[in-house]
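Fold and geometry: a report
What follows is the residue order along each chain.
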Amino acid sequence: MSEDGSQVADLQVGMRLNHVPVEPSGPTAPPTGPTAPGNPKGPMGPFVPGGSGDFASTPAQKKAAANTIETELEPNTKKAAEHADTDTGTAQKGFDGWETAAGLKKVADTWDQQVKTLMGRLAAEKTSLRGASGLFASNDTGIGNQFLAPNSKLNGL
């Protein structure tokens, strides 16, 4: 990572999305993972890197993750895509008449499709995170209602 703070920003986003400390990696970072001494379950948990070992998260954590997607990941992804399109377009014009220009166009088209797919996934994840709390609450209410005794004809006597 660069010295301009992008590694710090990446770590902050990772912490908000995973709600666990995220350790930097690189040649100066201490070893982590399944082979690290005293860490048989992996870098941060038994299921996935950055995971806490369970699947639980609070509605506030889901909301924070959705907000991070909306306020940071989506706009920054869009900005990076626009920057790449601009630079690739400039290079393409510089190679006009050469096969390199056609190659750059193909790369730009592939990149645009990948960005479109990524933006769709980010939007879907954001929507899912925002809807998950409501689904769990209505599920809990529905199951609770099943335990309530049904009204008997004798209740009104």
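This text follows the structure it describes.
Residues numbered from 1 in each chain as written. Predicted model: local features only at pLDDT ≥ 70, side-chain atom pairs only at ≥ 80, totals over all residues. Heavy atoms only, no water.

Section: the overall build of the chain
Basically, it comes down to this: For the purposes of this entry, the term helix denotes a DSSP run of H or I that reaches at least four residues, the term strand denotes a run of E that reaches at least two, and both are numbered from the N terminus. Each residue's exposure class comes from its accessible area (1.4 Å probe, protein chains only) as a fraction of the maximum for that residue type: buried when under 20%, exposed when over 50%, partly exposed otherwise. Contacts were defined at the residue level, with two residues in contact if any of their heavy atoms lie within 4.5 Å. Using a 1.4 Å probe, the Shrake-Rupley method yields the accessible areas, and only the shown protein chains count as cover for residues.
Regarding its fold elements, the chain presents three helices and zero strands. Burial statistics for the chain: of 157 residues in total, 17% are counted as buried. Taking contacts inside the chain between residues at least 6 apart in sequence as the whole, the part at least 24 apart equals 52%. Accessible area for the chain stands at about 11,800 Å²; split by element, carbon and sulfur atoms hold 60% of it.

Comments concerning the pattern of salt bridges
For the record, the criterion: Any Lys or Arg side-chain nitrogen located within 4 Å of an Asp or Glu carboxyl oxygen qualifies as a salt bridge.
On inspection of all chains with the given rule, the structure shows three salt bridges. The closest approach of N and O atoms between Arg-130 and Glu-70, which form a salt bridge, is 2.6 Å. Placement of the pair is Arg-130 in helix 3 (residues 99-147) and Glu-70 in helix 2 (residues 59-94), with a sequence separation of 60 residues. Under the relative-accessibility criterion, Arg-130 is labelled partly exposed at 41%. With a closest N to O distance of 3.1 Å, Lys-105 and Asp-109 form a salt bridge. Highlighted residues: Lys-105 and Asp-109, both in helix 3, separated by four residues, approximately one helical turn. With relative accessibility at 43%, the residue Lys-105 sits in the partly exposed group. Judged by relative accessible area, which is 41%, Asp-109 ranks as partly exposed.

Description of the packing of aromatic side chains
Describing an aromatic ring pair means giving the distance of the ring centres and the angle of the ring planes. We apply this condition: Two rings belonging to Phe, Tyr or Trp (six-membered ring only in the last case) form a pair when the distance between their centres is within 6.5 Å. Interplanar angles under 30 degrees mark stacking, angles over 60 mark edge-to-face geometry, and anything in between is tilted.
Counted under the stated rule, the structure contains one aromatic pair. On the numbers, 6.2 Å between centres and 65° between planes, the contact of Phe-95 with Trp-98 is edge-to-face. On the basis of relative accessible area, Phe-95 is assigned to the partly exposed category, the value being 34%.

Some thoughts on the environment of Lys-93
Position of Lys-93 among the secondary structure elements: in helix 2. Judged by its relative accessible area of 69%, Lys-93 falls in the exposed class. Once the C-alpha coordinates of Lys-93 and Leu-104 are considered, the two residues, 11 residues apart in sequence, prove to be 9.8 Å apart.

Here's the deal with the side chain of Thr-77
Rules: Identification of polar contacts relies on pairs of N or O atoms within 3.5 Å, with a donor-acceptor requirement for protein atoms, meaning one able to donate a hydrogen and the other able to accept it, and with residues adjacent in sequence counted only if both atoms are side-chain atoms.
Here Thr-77 is to be found in helix 2. At 2.6 Å, the side chain of Thr-77 and the backbone oxygen of Leu-73 are in polar contact. Those residues in contact with Thr-77 that sit more than four places away from it in its chain are Leu-118, Met-119 and Leu-122.

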